[in-house]
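# Structural overview
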Amino acid sequence: MLLDNMDGATPALQLLNPSSEIRLLSHTIESGRQRFGKASERICFAAPAGHSVQLAYNVPQAVILSETRLAALVSCNRPGAQLAAMVTLPRSIDKETGEPRQLLVRSGENGKGGDWEQFEFSELSRELPAQVRVARAKYGGNIDERGAFVTQMVILAPGGPGVTELWVDQIAVYGVLNVGGKAPGSAPNEVLPVAGVIPAAHTAPATAAPPVAAASGKPPVAPRIIQWQGEPLAFLQKLGFDAVWMGRPPVDSEIAEARRLGMFIICEPPTPEQMRTLPLDGRFSQVMAWDLGKLAEPGDLEVCHRWAQAIEYYESDPARPVLLRPTGMTREASRIADLVMIGRPTLGSSLPWPSYGAWLGQQRRLVRGGTPLWVSVETHCGPHFGAQLGAMRGTAAAIVPATFHELSMATSAAFGIAPRGFCFQSNASLAGGEPENQIRGLALELTNLRLGLAEPWLAGGKSVTVAQSSRPDLSGLVIKVERSHLIVPMRWSDNFPAPAERSKPQPISFKLPGVPESSDAYLLSIAGSHRLPAKRVTGGLQITVDHMPDDAFLLVTEDGYAYSHIERYLRQHAPRAAQARIDLAALRRQQAVEALAKIPGIDARAEIAPVDAQMTAVAEMLQRGDHAAVFGYAAEAERLLDESLRRVAATVAPSLPVGSAPLPLDWTTLAELRALEGALPTGSLPQSVPGGDFEDLNQVLQSGWQRFERPPMGVTTAVRLSPEAPGQGAYCLELQVQSNLADSTPPSLPAAPVWVTSPPLQVPPGHLLEISGLVRVPEPPLGSSDPLLIFDSVGGSEGAIRIESSPEWRPFRLLRAPTPGAELRLTIALGGIGRAQIDGLSVRYVPLQAPSVAQTPR
């Protein structure tokens, strides 16, 4: 009569006996372990031995008959779980409550614990009289069992040392006569009748969809996906991509080309209305996932949920997942979609790699257990940077490409969350011949070769731990597959070593606990490998390497087959990897030469000479056929170029740190950064942002300031004008986030729970806008990787100034280059538990042209 596969959008079970001794740790809908449907319900709790946690499932009121039978598929990590029923006696009124008395009737059969077990309660009609006799002895003789009906199925889960983990997959009710004309499946938790339910907004097609045609191959386990901009699929395949991310459903010719190449497609599905006439059949055999788009607002939840329901109904391939890309709603996305893509801007931003890794880990903890994650990675700086660079050049939005080093750091940071795929964002065609797109193509090709080298660990890695190194700024993510450990280096600082450190480099050692002494250790790059010394020390196996490139791996294995697989991969790809690294270094060297030629006062020859020395060594090693050496010398040439870029930028634009500047640091933006530095002394005097002195609340509100608060459960937020030690005047703006949980551990905040925005600021053409002010953050905010963020609508969140902690008032400055006609709004967002204060906001207009031409507003 009732059947629920426990894979709805929200958990169906509820705790009946809350107490101070029972701590509910998690309660989620999770896929991966279910026997039926798409998911199962998982509950983790802590309770002392001898206690049972009562978890109830609402069923329609149903009179108990001899045929009544309850069933549940349950898995518990302890023995002793039991099925019970909450029975209501309508003829027996509880004198204390005035309501019909309820009895908990137990089945008396305990589970063994461990794997899935089918629990059944078929003797309810026989067990009820015995329970009624007990009730008469306890409450008196006025207990009448006639007309008794079931209202809840109850699972009794035992407590004990540690954590009890309970999974519930399918719940069923048989042999029930409904009371009051209630139809099957009318329970509050939306249980499903046995017959399939068609989504309410759709009708069934006239004929059943044919089965999916066999594809040319299975989708990759850890796909490397590129956002498609019309490039030939064969061209993208040569760069190492095995799937493309389209912004629309593919046409037949694109599907045919993907099938011919063995590539796959991620795309938007047809709309629910289109699915009625366009079945999701074998025509879409190369579509490996349906992309429902971004999830950014609570109002999108119902739309995405209905769309996912429609796909489930019309889908002919039940294994094909539905994808969502949440922004601050990761947990909600994982309750609707089978697959979640996460990511945030990193290129050109002030976000340090440790904070990015922490943010990824936070997103991993927010999703339902078992939900696979894809990570999106930028291949060029975001649209806010590109638009400002275009505004300064008087052109369309420009491209500033990611380097191989930046792509390596971004993908390495993601290894810690065991991603099941990488999606590379691209807003311009990689097939263009511009130097910027050539650099992107080569950097992406090298990145894909690196990910291919690590693919066995990405696809099958079962645990990720951290190995400390002898250097404080370097650690390693350890991924284990069978008897092989892959160590992914993570350098948590982009600061270059001092000249004395470079002249006398110290060996780097990693200590790996629990690794057998018989293991062999290797340093891997995508162009070669060599063996490393390893020895047993207190606390584990110590691996020592003289030099650890950021894009290299360490392999520690007892399995000879694992290393033979690596050898075969390197023999196949090392020559191309070495050549791509040479071409990339040569292109970037040419960019440096052209940029240095435009900057007076810089000894360009002295800057380029060390790079040319490395490129000369590259040519010598190339003649010898030593691909690993070629790769290493070309990599060192690029490192020297990066070091030179930072040194030159510190000379020509010393007052434009990351976050303050409107442009990312690159050889192609060096001239614009120098022009910005030269323009700063000119311009208008500072003017107060309307309401930005925060002295009068009415003035602040009338000026157009707005507050936004979205605190999660257990968190409260506040925005106020505070008289506590303002930076200027009598008051300052204060943002506060507080935790109401009894536990001292701060809650995990998926997004900033409180922020304010300024009124719009108009910028005349040909001008920069400089915003400055004072900020104070007494203590580092907790519960989030984002502290206090100050950003604007022109620079976007990737251009934010991040204030981790500042006990005393300190100044800040933003410099922006808006496109003509654009308006700017400032946003101040507090990301974690804590308090932050802002005061004295002012604005200044800086002409980019000669003062006699530009009209600076007074």
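Residues numbered from 1 in each chain as written. Predicted model: local features only at pLDDT ≥ 70, side-chain atom pairs only at ≥ 80, totals over all residues. Heavy atoms only, no water.

This part is about the overall build of the protein chain. What the protein chain contains, in helices and strands, is 17 helices and 42 strands. Taken against the 2.2 N^0.38 rule, which gives 29 Å for 858 residues, the C-alpha radius of gyration of the protein chain at 31 Å falls within 12% of a compact globule. Expressed as lengths along the three principal axes of its C-alpha atoms, the size of the protein chain is roughly 100 × 75 × 65 Å. When burial is assessed residue by residue, the protein chain has 52% of its 858 residues classed as buried. Here the analysis covers contacts within the protein chain between residues at least 6 apart in sequence; of these, 73% occur between residues at least 24 apart. In the form shown here, the protein chain has an accessible surface area of approximately 37000 Å², with 53% of it arising from carbon and sulfur atoms. (Helix = DSSP H or I, 4+ residues; strand = E, 2+ residues; numbered from the N terminus. Rg over C-alpha atoms; globule rule 2.2 N^0.38 Å. Buried < 20%, exposed > 50% of the residue type's maximum accessible area, 1.4 Å probe, protein only. Contact = heavy atoms within 4.5 Å. Areas by Shrake-Rupley, 256 points an atom, 1.4 Å probe, with all protein chains shown as cover.)

Any two side chains of opposite charge can pair, so long as their charged atoms come close to each other. Tallying each qualifying case throughout the model produces 40 salt bridges. Residue arginine 126 pairs with glutamate 123 through a salt bridge whose shortest N-O separation is 3.3 Å. Taking the shortest distance from any N to any O, the salt bridge between aspartate 473 and arginine 471 comes out at 3.0 Å. On the basis of relative accessibility, which here comes to 21%, the residue aspartate 473 falls in the partly exposed class. Arginine 471 sits in the partly exposed class, given a relative accessible area of 32%. Salt bridges sharing common partners tie together Asp551, Arg581, Arg588, Glu638 and Asp642. (Salt bridge = Lys/Arg side-chain N within 4 Å of Asp/Glu carboxyl O.)

Moving on: the sheet that holds strand E28 (residues 540–545). Taken together, three strands build an open sheet; the order of strands is E24-E28-E27 and the sheet is antiparallel. Since the sheet does not close on itself, it has two edges, and those belong to strand E24 (508–512) and strand E27 (534–537), each with one partner. Adjacent strand axes in the sheet meet at a mean angle of 30° when their direction is disregarded. Sheet topology places E24 next to E28; five bridges connect them, and they run antiparallel. The residue bridging phenylalanine 510 from the neighbouring strand is isoleucine 543, located in E28. (Pairing = 2+ DSSP bridges. Axes fitted to C-alpha atoms, helices over the stretch in contact; angles between N-to-C directions.)

Glancing now at the nonpolar core. When a protein is soluble and globular, its nonpolar side chains tend to lie buried together. Membership of the largest hydrophobic core comes to 132 residues, with the highest contact counts inside it found for Val244, Val375, Phe415 and Phe422. When residues of this core are assigned to their parent elements, the largest contribution, 13 residues, is made by helix H13 (residues 560–597). Residues within four places of valine 244 in sequence aside, it is in contact with Ile225, Ile226, Trp228, Leu233, Leu236, Met263, Phe264, Ile265 and Ile266. Counting residues in each nonpolar core, the second largest holds 40 residues, with Met6, Phe45, Ala157 and Val168 among its members. (Core = buried A, V, L, I, M, F, W, Y, C linked by side-chain atoms within 4.5 Å.)

So, about helix H1 (residues 124–139). The terminal C-alpha atoms of H1 lie 21 Å apart, and with 16 residues this matches the ideal 22 Å at 1.5 Å per residue to within 8%. Turning to H1, the residues buried within the fold contact strand E7 (82–93), strand E8 (100–110), strand E9 (117–121) and strand E10 (149–158). Positive phi appears at glycine 140, one or two residues downstream of H1, with a value of about 115°. (Expected span 1.5 Å × (residues − 1).)

Bringing the side chain of threonine 346 into the picture now. The residue threonine 346 is located in the loop between strand E18 (339–342) and helix H7 (353–366) in this model. According to the relative accessible area criterion, threonine 346 is buried, its value standing at 12%. The residues touching threonine 346, leaving out its near neighbours within four places in the chain, are Leu351, Trp353, Tyr356 and Glu378.

On to the sheet that holds strand E41 (residues 826–830), then. With antiparallel pairing, the five strands of this open sheet are ordered in space as E31-E34-E41-E37-E38. Each edge of the sheet is formed by a strand with only one pairing partner; in this case those strands are strand E31 (706–709) and strand E38 (801–803). Neighbour to neighbour, the strand axes of the sheet diverge by 15° on average, direction disregarded. Sheet analysis places strand E34 (residues 754–757) next to E41, joined by four bridges and oriented antiparallel. The residue of E41 that forms the bridge with threonine 757 is threonine 827.

In this section: the pairing of strand E19 (residues 373–378). Of all six residues in E19, six are buried, a share of seventy percent or more. The side-chain alternation of E19 yields two buried faces, one formed by Leu373, Val375 and Val377 and the other by Trp374, Ser376 and Glu378. Pairing geometry for E18 and E19, over three bridges, is parallel. Directly across from isoleucine 342, in E19, lies its bridge partner valine 375. In the classification by handedness, the crossover that spans E18, the intervening H7 and the parallel E19 is right-handed. Pairing analysis gives four bridges linking E19 to strand E20 (residues 422–425), with the strands arranged parallel. Following the sheet pairing, valine 377 is matched in E20 by phenylalanine 424. (Right-handed = clockwise from strand over helix to strand, strands pointing away.)

In this section: the pairing of E28. The element E28 is largely enclosed, with a buried count of five among its six residues. Judged from the four bridges that link them, E27 and E28 form a sheet pairing that is antiparallel. From the neighbouring strand, alanine 534 faces E28, where its bridge partner is isoleucine 543. Linking two consecutive strands that pair antiparallel, namely E27 and E28, is a turn of two residues; a positive phi of about 100° is found at glycine 539 within it.

So, about the environment of proline 712. With respect to the element layout, proline 712 can be found in the loop between E31 and strand E32 (715–722). Residues within four places of proline 712 in sequence aside, it is in contact with Leu749 and Pro753.

Further remarks concern the packing of aromatic side chains. With the rule as written, the count across this model stands at nine aromatic pairs. Between phenylalanine 284 and tryptophan 290 the ring centres are 5.3 Å apart and the planes differ by 70°, which places this aromatic pair in the edge-to-face class. Both residues of the pair, phenylalanine 284 and tryptophan 290, belong to the buried class. Between phenylalanine 708 and tryptophan 755 the ring centres are 5.4 Å apart and the planes differ by 10°, which places this aromatic pair in the stacked class. Here phenylalanine 708, found in strand E31, pairs with tryptophan 755, found in strand E34; they are 47 residues apart in sequence, far enough to count as distant. Each residue in the set Phe415, Phe422 and Phe553 is aromatic and connected to the rest through ring pairs, giving one cluster. Of note, arginine 69 hangs over the ring of tyrosine 174, and the distance from its end group to the ring centre comes to 4.0 Å. When the ring centre of tryptophan 359 is taken as origin, the NZ or CZ atom of arginine 344, which lies over that ring, is 5.3 Å away. (Phe/Tyr/Trp six-rings, centres within 6.5 Å; stacked < 30°, edge-to-face > 60°. Lys NZ or Arg CZ within 6 Å of the ring centre and 35° of its normal.)

What follows deals with helix H9 (residues 404–414). Across the eleven residues of H9, nine count as buried, placing the element largely inside the fold. Within the sequence span of H9, burial applies to Phe404, Leu407, Ser408, Met409, Ala410, Thr411, Ser412, Ala413 and Ala414.

Our next topic: the confidence of the model for the protein chain. Of all residues in the protein chain, 92% attain a pLDDT of 70 or more, and the chain-wide mean is 87. A low-confidence stretch, residues 178–216 (pLDDT under 50), is modelled with 66 contacts involving residues beyond four sequence positions or located in other chains. Here residues 496–501 scores under 50 on pLDDT; set against residues more than four positions off or in separate chains, the count is five contacts. (pLDDT = per-residue confidence, 0-100.)

Right, let's talk about unusual backbone geometry for a bit. Even without a glycine there, the phi angle at methionine 6 is positive, about 60°. Considering the arrangement of structural elements, one finds methionine 6 in the loop between strand E1 (2–4) and strand E2 (14–15). For alanine 725, which is not a glycine, the phi torsion comes out positive at approximately 45°.

Moving on: the environment of alanine 800. Along the chain, alanine 800 turns up in the loop between strand E37 (788–792) and E38. In the structure, alanine 800 is positioned 141 residues away from glycine 659 in sequence and 5.5 Å away in space, judged by C-alpha atoms. Alanine 800 has contacts with Ser350, Gly659, Leu789, Ile790 and Phe791, leaving out every residue within four places of it along the chain.

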